[in-house]
Amino acid sequence: MNICFLYTLQANEVLFKPYIDKYLKELPVTISHHTNERLLQNAMEDGLTEQVANDVQQTITEIAKSNTESNVDIIICTCSTIGDLAEKTPNISAKIIRVDRPMAEAAVQHDNILVLAALSSTLKPTVELLHSVNTEGKTSKHLDQPTTKPKNLPFIQTELVPKAWPYYFAGNTEMYARIIAAHINAVKTKPDIVVLAQASMAPAVQYCNESSFEILTSPELCLRYLAGAVKLHA
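Let us look at the structure shown here. (Residues numbered from 1 in each chain as written. Predicted model: local features only at pLDDT ≥ 70, side-chain atom pairs only at ≥ 80, totals over all residues. Heavy atoms only, no water.)

## Regarding the nonpolar core
Item 1. Ile3, Phe5, Phe16, Leu24, Ile76, Leu223 and Leu226 are the most contacted members of the largest nonpolar core, which totals 68 residues.
Item 2. Sorting elements by how many residues they give to this core places helix H9 (residues 218-233) first, with 7 residues.
Item 3. Filtering out sequence-adjacent residues up to four positions away, Ile76 remains in contact with Ile3, Cys4, Phe5, Leu6, Ile97, Val99, Cys222 and Leu226. (Core = buried A, V, L, I, M, F, W, Y, C linked by side-chain atoms within 4.5 Å. Buried < 20%, exposed > 50% of the residue type's maximum accessible area, 1.4 Å probe, protein only. Helix = DSSP H or I, 4+ residues; strand = E, 2+ residues; numbered from the N terminus. Contact = heavy atoms within 4.5 Å.)

Laid out in structure tokens, this is it:
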């Protein structure tokens, strides 16, 4: 099975490596990586415009056709901001999965969800994904899992973690993670679950205090799903 990861930040290739090693290293897969930072930059500057959608889907199409020896089976879009645009790419045989979809599948099993993001552009796509997954019945045609009846819409709160993103953009990933963790540690509400909307936020968990809520991160859950999918089709 051939799996390609699409990144919109070079730093995320480093971020994903330990998760890929943990879940896929011993499995019969070929892993490739593609980075296009312009996709996120344009989405942040212009919003999710038709031009941004075209650029995202053209990139996905090029990735799907890039391997002339064998087809790319799965493309993982590691950027939550453009994930929906990526999944809607038409006329390709590869399965496209946004990295936060397995996390959303897990999150909607809870009634009270707090979504945190370091980029404001990520909040709306993440909330829309949670609504979509819940409406589909806590399952997804993308993930080939058994369907269940949809439940009542969870209560979803969103918060932007201020002043964190410039640190990640500048390469100071430790300070970025610590600022996010400090925000999580200071949460006064009582959510059932905290969703870290961006994959880049995952390392913050190591700096978090014990709390009454679980923290979901997309790299861990996505790679766990991928490992299961590979074993299922092996």
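## Some thoughts on H9
Item 1. For H9, built from 16 residues, the straight-helix expectation of 22 Å at 1.5 Å per residue is met to within 8% by its first-to-last C-alpha distance of 22 Å.
Item 2. Within H9, burial applies to Ser218, Pro219, Glu220, Leu221, Cys222, Leu223, Tyr225, Leu226, Ala227, Ala229 and Val230. (Expected span 1.5 Å × (residues − 1).)

## Considerations on the packing of helix H1 (residues 11-24) against H9
Item 1. Viewed as axis vectors pointing N to C, H1 and H9 meet at an angle of 30°, and their least axial separation amounts to 9 Å. By the angle between their directions, the pair H1 and H9 is classed as roughly parallel. For H1 against H9, the interelement crossing comes out right-handed. From H1, Phe16, Tyr19, Ile20, Lys22, Tyr23 and Leu24 reach across to H9, where they touch Pro219, Glu220, Leu223, Arg224, Leu226, Ala227 and Val230. (Axes fitted to C-alpha atoms, helices over the stretch in contact; angles between N-to-C directions. Parallel < 35°, antiparallel > 145°, perpendicular 65-115°, else oblique. Left-handed = near helix turned anticlockwise from the far one by under 90°.)

## A short note on unusual backbone geometry
Item 1. For Asn91, which is not a glycine, the phi torsion comes out positive at approximately 65°.
Item 2. By the secondary structure assignment, Asn91 is in the loop between helix H4 (83-87) and strand E4 (95-98).
Item 3. In this structure Asn91 comes out as exposed when scored by relative accessible area, which is 78%.

## Some words on the pattern of salt bridges
Item 1. The tally for this structure, following the rule as stated, stands at 8 salt bridges.
Item 2. Between Glu174 and Arg178 there is a salt bridge, with the nearest N and O atoms lying 3.0 Å from each other. Taken together, the positions of Glu174 and Arg178, both in helix H8 (residues 173-185) and 4 residues apart, correspond to about one turn of that helix.
Item 3. Judged by its relative accessible area of 43%, Glu174 is partly exposed.
Item 4. The exposure class assigned to Arg178 is partly exposed, which follows from its relative accessible area of 40%.
Item 5. Salt bridges linked by common partners bring Lys22, Glu220 and Arg224 together as one network. (Salt bridge = Lys/Arg side-chain N within 4 Å of Asp/Glu carboxyl O.)

## Re the sheet that holds strand E3 (residues 74-77)
Item 1. If you trace the 4 strands from one edge of the open sheet to the other, you get E2-E1-E3-E4, paired in parallel fashion. The open sheet has two free edges, formed respectively by strand E2 (30-35) and E4, since each of these has just one partner strand. When the angles between neighbouring strand axes are averaged without regard to direction, this sheet yields 20°.
Item 2. Relative to E4, E3 runs parallel, the two sharing 4 bridges. (Pairing = 2+ DSSP bridges.)

## Remarks on the pairing of strand E7 (residues 193-196)
Item 1. Residues Ile193 and Val195 line one face of E7 and the alternating positions Val194 and Leu196 line the opposite face, and both faces are buried.
Item 2. Two elements, strand E5 (residues 112-117) and E7, share 4 bridges in a ladder whose sense is parallel. Pairing of Leu114 across the sheet is with Val194, part of E7.
Item 3. Direction of pairing for E7 relative to strand E8 (residues 214-217): parallel, over a ladder of 4 bridges. Counterpart to Leu196 in the pairing with E8 is Thr217.

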